Amino acid sequence: MDWKNFLEALCKSKDYQLTAHEVEVLMCLDETQRQTKKDLLETYNRSYPAIEDEAFTQRLKNIYKKFEITGRGYKLPQLQKLLAEKYLQYQNKDIFFSEVGLSYIYTSFPKDRFGQEIDNVIRTNNPAMKQVDILQTFAPNLNDYTEHFIQCIQHNIQVRILLAWPYSEAAKLRECVLKRYADRSLSDEINICDFVIANLETLEKIIGASSNSHLIDVRLYDTLPSLAIYRAGDYLLAAPFLHGSLAIHTFQLELRLNASNQFIAQTLRKDFELMWQVARSFYPDPGRNWRNDLKILFTN
Amino acid sequence: MIKTINQFERSLIAQFKLHPLFVQLDAITWPHLLEILIQRRFLSLSVVNIYEFAIDAVADQQIKQTIRGILNEEFPRNTKGVPLPSHRELLFQDLLNLGATSEMILATPETLITQKVRNESYSLMVKYLGTESFQTALLAFLRFWAEVLVSVEYSCLWLRISERLSNEQSSHKIRSEFYYFHMIHDSRNSDVGQESLLGGLTHAQELAIHLHKLIASEAALHSCLEAEQKAFELKYRFYDQFTHLLDQSTY
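**A closer look at the nonpolar core**
Alright, step 1. F141, L142 and L211 of chain B are the most contacted members of the largest nonpolar core, which has 62 residues in total.
Alright, step 2. In this structure F141 of chain B touches L124, M125, A227, K230 and A231 of chain B, once residues within four positions along its chain are discounted.
Alright, step 3. L135, Y167, Y235 and L255 of chain A belong to the second largest nonpolar core, which has 51 residues in total.

**Here's the deal with the domain arrangement of chain A**
Alright, step 1. Annotation of chain A at the domain level lists domain 1 (3-93) and domain 2 (102-295).
Alright, step 2. Computed over C-alpha atoms, the centres of domain 1 of chain A and domain 2 of chain A are 45 Å apart.

**Things to note about the interface of chain B and chain A**
Alright, step 1. Every contact between the two is made by 14 residues of chain B and, on the other side, 18 residues of chain A.
Alright, step 2. Within the side of chain B that touches chain A, the residues separate by chemical class into five nonpolar, eight polar and one charged.

**Some thoughts on the sheet that holds strand β1 (residues 102-106) of chain A**
Sheet strands pair by backbone hydrogen bonding; their relative direction is either parallel or antiparallel.
Residues and elements named next belong to chain A.
Alright, step 1. Judged by pairing direction, the sheet is mixed, and its eight strands sit side by side in the order β1-β7-β6-β5-β2-β3-β4-β8 without closing on themselves. Lying at the two open borders of the sheet, with one neighbouring strand each, are β1 and β8 (280-281).
Alright, step 2. Running at roughly 160° to strand β3 (residues 158-164), helix α10 (residues 192-208) makes contact with β3 and β4 (216-221) of the sheet.

**A word on the environment of Q65 of chain B**
All names here are of chain B.
Alright, step 1. Note on placement: Q65 falls in helix α4 (residues 61-73).
Alright, step 2. Looking at Q65, the number of C-beta atoms within 10 Å reads 12, which means it is exposed.
Alright, step 3. Between the alpha carbons of Q65 and I55 there is a distance of 8.2 Å; along the sequence they are ten residues apart.

**Re the pairing of strand β7 (residues 252-256) of chain A**
Residues and elements named next belong to chain A.
Alright, step 1. Summarising the sheet, β1 and β7 pair through four bridges and their orientation is antiparallel. What sits directly across from L102, in β7, is L255.
Alright, step 2. Bridge count between strand β6 (residues 235-240) and β7: four bridges; the pairing is antiparallel. Of the residues in β7, the one forming a bridge with L237 is E254.

**Quick notes on the pairing of β3 of chain A**
Residues and elements named next belong to chain A.
Alright, step 1. For β3, a buried count of five out of seven residues is recorded, marking the element as mostly surrounded by other parts of the structure.
Alright, step 2. In terms of strand pairing, strand β2 (residues 131-135) meets β3 through five bridges, oriented parallel. Within β3, the position partnered with I134 by the bridge is I161.
Alright, step 3. Bridge count for β3 against β4 is six bridges, and the pairing is parallel. Its bridge partner being in β4, V159 is matched across the sheet by I216.

Calculation rules
Residues numbered from 1 in each chain as written. Chains lettered and ligands numbered in written order. Predicted model: local features only at pLDDT ≥ 70, side-chain atom pairs only at ≥ 80, totals over all residues. Core = buried A, V, L, I, M, F, W, Y, C linked by C-beta atoms within 7 Å. Buried ≥ 20, exposed ≤ 12 C-beta atoms within 10 Å, placed from the backbone. Contact = placed C-beta atoms within 7 Å. Domains from an automatic or database assignment. Nonpolar A, V, L, I, M, F, W, Y, C, P; charged D, E, K, R; others polar. Pairing = 2+ DSSP bridges. Helix = DSSP H or I, 4+ residues; strand = E, 2+ residues; numbered from the N terminus. Axes fitted to C-alpha atoms, helices over the stretch in contact; angles between N-to-C directions.

In structure tokens, the structure reads:
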């Protein structure tokens, strides 16, 4: 990451709310910290349509305010010093967490928060945001969102759910791992086949209670994903499948998918879409003996 | 050794499909087809005893667990523990949907040959006890008799069954809930030793994984081949009893 990239990332950051004119000024700062105000204005006037000294000073004052430069003495050296420090920080971290969309890390799954985010999706008028996705082996918290999903369907929101095919070798392997390494309270009762089928029974009820049930799209996979994903619009929670615990009982990365740096958001979305493509559709139709279909889903 | 088993199994299956009844199945009248399926139901009902015997007889805990899992699938429950229609109920329903009456299914006596095939199958498993490779013989017999050949039988019979039942939701035909699904999830599906980590395992493949581990000596190989041959002969004999129906066909 060079100085220019750093300045660009900084200018995009929502923390400072810089205007387009202020961004132009900031982009004229060089890395050496030796520019005087006069040097800076000259640089500016070479790069952009020339402006008056007073107008330039006003823009700088706004920038100082937004960066909270309040110390005594000349403010430009203070701004340069602050930016130099941030640049060093930036280089150490390579990229800002906020820039990649990481907004928080929870110690376990934030049940109410995800519910609120689904509510936001239900209320939004933005068609691009009308999407709820879940990727899990089985979702122990699926019942918490039954009402949300029914409302999603009523509001024409697509809900996509990716779960493990319960008869897959991968699901059996995950069960063996948890049985062996998770703490006693979990390992004694874990039965992935039953837990996925319980999720399908919940979805069957949701389908039964909805007139537009094609909006619930369920697919099952026979592989081993490494992250659980819960997405509502541009909000996403990602958590690892650890040996010692369920994905909802460990740290959850809270991400915004509209981040300026799409590295993480795009990677997770692409992998979800890839899994979605290779997984097989399964519809727990209340009017059908779907357990028979489930057993042979990947066999023929 | 595994190559020998795979070649042997493929050859037995090919021979089985050439049973005169299957070759000329189209010549069988519908009432006769129902007669065959009603007799075949007695073997389906006996599967539970065969499986229970195997669970008690095998020593290896992992094999026991697999066999138990397959048997439990015959009696599904939802995750609240409420019993759902068992596979034998689904068989009964398929037979009704094929045109048999409840009385025909329930009151038709078992023929002597069906009874003999059923009893000899059980006795054969008893005979394996105490032999050097008894686990191999039991498992090979169980897999071939109750899974591999079942799928072959139903795939041959499906040519006629599918005249009245479908494998999908269809507005014209009722869906088969027993024959079709057993045809798929019991099938051999791959050579022994070639089971994939991705995709699903059929019952025959689940048992094949254990069988593969047991075939570690010439004696075990011999027991396996002999058990499969016996399963083949018993099932073949079961269908022999119906070849006379071919002479009574309207063709």
